[in-house]
Amino acid sequence: MSPAPKKSRPPGRTSLPPLDPLRYAPSAARPVRAKARQMENWMDIHAHQHDWGQLVFSISGVVRVNTPDATFLLPPSRACWIPPLREHAVTAVERADLRTLYLHAEPPAPDSLAWSQARVLEVTPLLRELVLQLATSSEVQPNAPAVEAQREHWIASLVLDELSRAKPLRLGVDLPQDPRLRRLCEAILQAPQRHTALADWAAEVGASERTISRLFREQLGSSYAQWRQQVLLAQALSLAARKRPMSLIAAELGYASASAFSAMVTRTVGMPPSKFFAEA
């Protein structure tokens, strides 16, 4: 693992280094390793990278995973795949029971590029239970009885099979490289309801609405409205994971009605919120 330069963080947060990742390094003999970590509200794990791919999700609580070019807000029913050597940081939006899988090799996939980018995957009940068991098996010592090592091998094989079948989800919010647009996007991520109009956000970073609109197209390949919808969708998923009623979620995100919010979700992910948030 190679540490990345530390980044600025809001005051009052707890920021800690990764928890002894080399101890859980995967190998050909132990191709899938797992570890558990309790994270308190707004606790950060420093930006870092690994030589191996990893899967991040929580058993309870919502976490945010940041990479240099995207951010992912994950309730317990979703996980984030991070390719090898990709810098990433993890923040607990609320108290979270975090699980991390380290993979020696990518799971099988029909598309050779499937595992080359960070992306969100659905966590099935079976995958969740396998990871819980594997986190315990990862404590198996090299001189442990053969039956324990064999059990870990079987669980790891099932994990890889489940990951090869895992459904990718159109979640995640792209982040720009331009400093002005990056500051604006980070501000929207922190409080997307503070403004609706792009002109108000542009004023916060001292740029014109026209300039920021152009940067959205050049840097992110989308309009401000399309990008903000992805932010609101991620926040809605987080609220749904806390079992908030759909009408309350719509109101909290600034929609005039639940039907208007439902139309946005359906247009963005291709299914109504009742189905999309069913397992959040």
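Structural notes, computed from the coordinates.

1. Focus on the packing of helix α3 (residues 179-190) against helix α5 (residues 209-220)
Then comes step 1: With their axes 10 Å apart at the nearest point, α3 and α5 run at an angle of 95° to one another. Between α3 and α5, the angle is such that the two are roughly perpendicular. Contacts between α3 and α5 involve Arg180, Leu181, Leu184 and Cys185 from the first element and Thr211, Ile212, Leu215, Phe216, Gln219 and Leu220 from the second.
Then comes step 2: For the contact of α3 with α5, the residue count by class is seven nonpolar, two polar and one charged.

2. Notes on α5
Then comes step 1: Over its 12 residues, α5 runs 16 Å from end to end, which matches the ideal 16 Å to within 8%, given 1.5 Å per residue.
Then comes step 2: Regarding α5, the residues found buried are Thr211, Ile212, Leu215, Phe216 and Leu220. All buried residues of α5 lie within an arc of 140° about the axis, which places them on one face of the element. Exposed residues on α5 whose side chains face more than 90 degrees from its buried face are Arg210, Arg217 and Glu218.
Then comes step 3: Its buried side turned inward, α5 meets β13 (173-174), α3, α4 (198-204) and α6 (224-241).
Then comes step 4: Immediately downstream of α5, the backbone of glycine 221 shows phi near 65°, a positive value.

3. Concerning the environment of glutamine 193
Then comes step 1: Mapped onto the elements, glutamine 193 comes out in the loop between α3 and α4.
Then comes step 2: By relative accessible area, which is 31% here, glutamine 193 ends up partly exposed.
Then comes step 3: For the pair glutamine 193 and leucine 232, spaced 39 residues apart in the sequence, the C-alpha separation amounts to 8.9 Å.
Then comes step 4: In this view, glutamine 193 contacts Arg228, Leu232, Gln235, Glu252 and Leu253; residues no more than four positions away in its chain are not counted.
Then comes step 5: Polar side-chain contacts of glutamine 193 include one of 2.9 Å to the side chain of glutamine 235.

4. Observations regarding the sheet that holds strand β8 (residues 78-82)
Then comes step 1: Spatial strand order, β3-β10-β5-β8-β11-β12: six strands in an open sheet with antiparallel pairing. This sheet does not close on itself; its edge strands, each paired only once, are β3 (32-39) and β12 (168-169).
Then comes step 2: Examined bridge by bridge, β3 and strand β10 (residues 96-103) share eight bridges and lie antiparallel to one another. Across the sheet, alanine 36 pairs through a bridge with arginine 99, a residue of β10.
Then comes step 3: Most of the contacts of helix α2 (residues 146-165) go to β10, to which it runs at about 95°, and overall it touches β3, β5 (53-60), β10 and β11 (119-122).

5. Looking at the packing of aromatic side chains
Then comes step 1: Under the definition given, this model contains five aromatic pairs.
Then comes step 2: Plain terms: the ring middles of phenylalanine 216 and tyrosine 224 are 5.9 Å apart, the flat faces sit at 65° to each other, and that makes the pair edge-to-face.
Then comes step 3: Among the aromatic side chains, those forming a connected cluster through ring pairs are Phe216, Tyr224 and Trp227.
Then comes step 4: Lying across the ring of tryptophan 115, arginine 119 places its NZ or CZ 4.6 Å from the centre.

6. Concerning the nonpolar core
Then comes step 1: Within the largest apolar cluster, 36 residues are counted, with the highest numbers of intra-cluster contacts made by Val90, Leu253, Phe261, Phe276 and Phe277.
Then comes step 2: Judged by nonpolar contacts, the second largest core, of 23 residues, contains Leu55, Phe57, Val123 and Ala156.

7. So, α3
Then comes step 1: If you check α3, its first and last C-alpha atoms are 17 Å apart, about what 12 residues at 1.5 Å a residue would give, namely 16 Å.
Then comes step 2: Elements in contact with the buried residues of α3: β6 (63-67), β7 (70-74), α4, α5 and α6.
Then comes step 3: Where α3 begins, the capping side chain belongs to aspartate 178, and its oxygen is found 3.1 Å from the backbone nitrogen of arginine 180.

8. Here's the deal with the pattern of salt bridges
Then comes step 1: Summed over the entire model, instances satisfying the criterion amount to 11 salt bridges.
Then comes step 2: Among the ionic pairs, arginine 30 bridges to glutamate 152, the shortest N-O distance being 2.5 Å. Taken together, the residues arginine 30 in the loop between β2 (14-16) and β3 and glutamate 152 in helix α2 connect sequence positions 122 residues apart. Accessibility classification places arginine 30 together with glutamate 152 in one group, the buried group.
Then comes step 3: The partner of arginine 182 in a salt bridge is glutamate 186, and the shortest N-O contact between them spans 3.5 Å. Note that arginine 182 and glutamate 186 are positioned in helix α3 at a spacing of four residues, about one turn of the helix.
Then comes step 4: Its relative accessible area of 24% is what places glutamate 186 among the partly exposed residues.

Thresholds applied
For every chain, the first residue of its written sequence is number 1, and the numbers climb from 1 along that sequence. At least 70 in pLDDT is required for a residue's local features to be given in this predicted model, at least 80 for side-chain atom pairs to be given and counted, and no such filter applies to totals for whole chains, interfaces and linings, which use all residues. Derived side-chain values reflect all non-hydrogen atoms in the structure, with water molecules and hydrogen atoms excluded from consideration. The convention used is that axes are lines fitted to C-alpha atoms, helices contributing only their stretch in contact, and that angles between N-to-C directions extend from 0 to 180 degrees. Numbering goes from the N terminus for both helices and strands, where a helix is a DSSP run of H or I of at least four residues and a strand is a run of E of at least two. Any angle between 65 and 115 degrees counts as roughly perpendicular, while under 35 counts as roughly parallel, over 145 as roughly antiparallel, and the rest as oblique. Whether two residues touch is decided by their heavy atoms; if any such pair falls within 4.5 Å, the residues are in contact. In this classification, Asp, Glu, Lys and Arg are treated as charged, Ala, Val, Leu, Ile, Met, Phe, Trp, Tyr, Cys and Pro as nonpolar, and every other residue, Gly included, as polar. Multiply 1.5 Å by the residue count of a helix minus one, and that product is the helix's expected span. Burial classes: relative accessible area under 20% of the type maximum marks a residue as buried, over 50% as exposed, and values in between as partly exposed (1.4 Å probe, protein chains only). Our arc is simply the arc of the directions from the helix axis toward the C-beta atoms. We define a polar contact as two N or O atoms separated by no more than 3.5 Å, with the added condition that, inside protein, one atom must be a possible hydrogen donor and the other a possible acceptor, whereas residues neighbouring each other in sequence contribute only through side-chain atom pairs. Note on pairing: two strands pair once DSSP finds at least 2 bridges between them. Working definition: rings of Phe, Tyr and Trp (its six-membered ring) pair if their centres are within 6.5 Å, and the pair is stacked with planes under 30 degrees apart, edge-to-face with planes over 60 apart, and tilted otherwise. Comment: the charge-over-ring label is applied if NZ (Lys) or CZ (Arg) is within 6 Å of the ring centre and within 35 degrees of the ring normal. Nine residue types can take part in a nonpolar core, namely buried Ala, Val, Leu, Ile, Met, Phe, Trp, Tyr and Cys, and a core is a set of them joined through side-chain atoms within 4.5 Å. Within this document, salt bridges are pairs made up of a side-chain nitrogen of Lys or Arg and a carboxyl oxygen of Asp or Glu, the two lying within 4 Å of each other.

Just distances and angles here, no functional claims.
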